[in-house]
Amino acid sequence: MVRKLDDAERAALFARFPEWAHEPARDAMTRRFQFDDFAQAFGFMTSVAILAEKMDHHPEWSNVYNRVDILLTTHDADGLSARDAKLAEAIEGLL
């Protein structure tokens, strides 16, 4: 089983990624990404999908035209884990 982040680790995660918000009801991290158009948003989603598949850790997300909303949490841990931090870092690297 994957270990859930403790309070100090969670605080450090959000200090490292200030653009991400904490969703306390699900112990998740969320971020909205905006692009110039649908093609750029979809291209970004494709790149994230490739990373997520390689990491075997998949986001919850939605896309409306030029906007992509991503929620990361680890279901096996019932909240945030190091897997979410690693995927957030990889996503940030795409920008």
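Please refer to the structure placed before this passage.
Here the structure is a predicted model, which means the values were calculated and not measured.

Engineer: What is the right way to read the packing of aromatic side chains from this model?
Structural biologist: Aromatic ring pairs are reported here in terms of the distance separating the ring centres and the angle at which the planes meet. Scanning all chains against the criterion turns up four aromatic pairs. When the ring of Phe-33 is compared with that of Phe-44, the centres are 4.8 Å apart and the planes differ by 45 degrees; the resulting orientation is tilted. Separated by eleven residues along the polypeptide, Phe-33 in strand β2 (residues 28-34) and Phe-44 in helix α2 (residues 38-55) bring together distant segments of the chain. For the residue pair Phe-33 and Phe-44, the accessibility class agrees, reading buried in each case. Seen from their ring centres, Phe-35 and Phe-44 are 4.9 Å apart, and the 40 degrees between their planes marks the pair as tilted. A relative accessible area of 18% places Phe-35 in the buried class. On the basis of relative accessibility, which here comes to 6%, the residue Phe-44 falls in the buried class. Put simply, the rings of Trp-20, Phe-33, Phe-35 and Phe-44 touch in pairs and so form one group of aromatic residues.

Engineer: Whenever I open this one, the pattern of salt bridges confuses me. Can you help?
Structural biologist: Here the idea is simple: oppositely charged side chains can pair when their charged atoms come close. The final tally for this structure, using the stated rule, is nine salt bridges. The partner of Asp-27 in a salt bridge is Lys-4, with the nearest N and O atoms 3.8 Å apart. Taken together, the residues Asp-27 in the loop between β1 (21-23) and β2 and Lys-4 in the segment before α1 (7-16) connect sequence positions 23 residues apart. Overall, Asp-27 belongs to the buried group, its relative accessible area being 7%. Between Glu-60 and Arg-26 there is a salt bridge; the shortest N-O distance is 2.6 Å. In this pair, Glu-60 sits in strand β3 (residues 60-64) while Arg-26 sits in the loop between β1 and β2, placing the two residues 34 residues apart along the sequence.

Conventions and cut-offs
Residues numbered from 1 in each chain as written. Predicted model: local features only at pLDDT ≥ 70, side-chain atom pairs only at ≥ 80, totals over all residues. Heavy atoms only, no water. Phe/Tyr/Trp six-rings, centres within 6.5 Å; stacked < 30°, edge-to-face > 60°. Helix = DSSP H or I, 4+ residues; strand = E, 2+ residues; numbered from the N terminus. Buried < 20%, exposed > 50% of the residue type's maximum accessible area, 1.4 Å probe, protein only. Salt bridge = Lys/Arg side-chain N within 4 Å of Asp/Glu carboxyl O.

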